[in-house]
Amino acid sequence: MRIWLDGGLRDIETARVSVFDHGLTVGDGIFETVKAVAGRPFALTRHLDRLTRSARGLGLPDPDADEVRRACAAVLEANPMPLGRLRITYTGGQGPLGSDRGAHGTTLVVALGETAPYPDSTAVITVPWTRNERGALTGLKTTSYAENVVALARARERGASEALFGNTVGDLCEGTGSNVFVVLDGEIHTPPLTSGCLAGVTRALVAEWTGAQETDLPLNVLTRADEIFLTSTLRDVQAVHRADDRRLPGAPGPVTAKAMRIFAERAADDLDP
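Computed from a predicted model, the values in this text were never measured in an experiment.

S.K.: I'd like a description of empty space enclosed by the protein, backed by residues and values.
M.R.: This model, assessed by the stated rule, comprises one cavity of 30 Å³ or more. In terms of lining residues, the largest cavity is bounded by F42, A43, H47, V201, T202, S232, T233, D236 and F263.

S.K.: Describe a negative patch on the surface, and please don't skip the residues or the numbers.
M.R.: On the surface, a cluster of negative charge is made up of E265, D269, D270 and D272. The residue D269 is located in helix α6 (residues 254–269) in this model. Since its relative accessible area comes to 67%, D269 is described here as exposed.

S.K.: Lay out the side chain of T190 with the relevant residues and their values.
M.R.: Mapped onto the fold, T190 is located in strand β11 (residues 187–190). Of the polar contacts made by the side chain of T190, one reaches the backbone oxygen of V180; its length is 2.8 Å.

S.K.: Mind laying out unusual backbone geometry, listing which residues take part and the relevant values?
M.R.: Geometrically, the link from A251 to P252 is a cis peptide bond, its omega value of 0° lying close to zero. On the secondary structure map, P252 appears in the loop between β15 (246–247) and α6. With a phi angle near 45°, D6 is a residue other than glycine that sits in the positive phi range. In this fold, D6 is placed in the loop between β1 (2–5) and β2 (8–11). On the basis of relative accessible area, D6 is assigned to the partly exposed category, the value being 42%. Notably, D236 is not glycine yet its phi reads approximately 60°, a positive angle. Relative to the helices and strands, D236 is located in strand β14 (residues 236–243).

The rules behind these values
- Residues numbered from 1 in each chain as written.
- Predicted model: local features only at pLDDT ≥ 70, side-chain atom pairs only at ≥ 80, totals over all residues.
- Heavy atoms only, no water.
- 1 Å grid on protein atoms, 1.4 Å probe; cavity = no way out; pocket = protein on both sides within 12 Å on 5 of 7 lines; lining within 4 Å.
- Points joined across faces, edges and corners; volume = space filled by probe spheres on them.
- Patch = residues over 30% accessible without salt bridge, like charges linked within 9 Å, V, L, I, M, F, W, Y side chains within 5 Å.
- Areas by Shrake-Rupley, 256 points an atom, 1.4 Å probe, with all protein chains shown as cover.
- Salt bridge = Lys/Arg side-chain N within 4 Å of Asp/Glu carboxyl O.
- Lys, Arg positive; Asp, Glu negative; His and termini not counted.
- Charge placed at Lys NZ, Arg CZ, Asp CG, Glu CD.
- Helix = DSSP H or I, 4+ residues; strand = E, 2+ residues; numbered from the N terminus.
- Buried < 20%, exposed > 50% of the residue type's maximum accessible area, 1.4 Å probe, protein only.
- Polar contact = N/O pair within 3.5 Å; in protein donor to acceptor, adjacent residues only side chain to side chain.

That is the geometry; function is a separate question.
Structure (structure tokens):
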């Protein structure tokens, strides 16, 4: 395995990041996960646009998009695999053991791991913790992911693959690494960005391609929705067959199945939509 670290490819055994890197010590970093199919990244331009937005939101210098593209291409070429998780990590770089940043410059890492397609449906749970729709990191894809680690561990303990959060006003928000959609009377709805959810790349494509509406939804919509599905970079569109103790037999339902077909067809036609 070879990864990109600060300007070039490195063997994984010799690649080193400082133990004082701000991404490690205080979570001062951002990242993107990009699906790679047969060595080609999907929706890379959208991911790089979001990487820049996250950097600006965190007060980091804009990443060099050309360098990131070169890094992605080099890593994909060096590590051939049929389906991969391409991870771009960009941090505040080496700094002091506090919240202040140092003057050493940023750190860029691009790595690749092999993955497998997700099943067509899954189980989810809701968790008692909330997303803060008014927080400093709201809408940014940062490396401060410990809250998601805790929630996902709870989901795994309960036989689910994802945990869903409400926000501080009790509305449905998002999963630990996914966006959520519900079907009500044949119409597709998803929480708006004002709910505090991440502006998911797959979320945006699904909304564009299916006509899904952004709607403020109470968390208990999960108890009455006709269908529920998740979207993310690696899930694409994935139906939910159980939400907490509620079972949704026949998942994926007809609306979700149509969304799955539309996404698969459109994504196959254009790898950088």
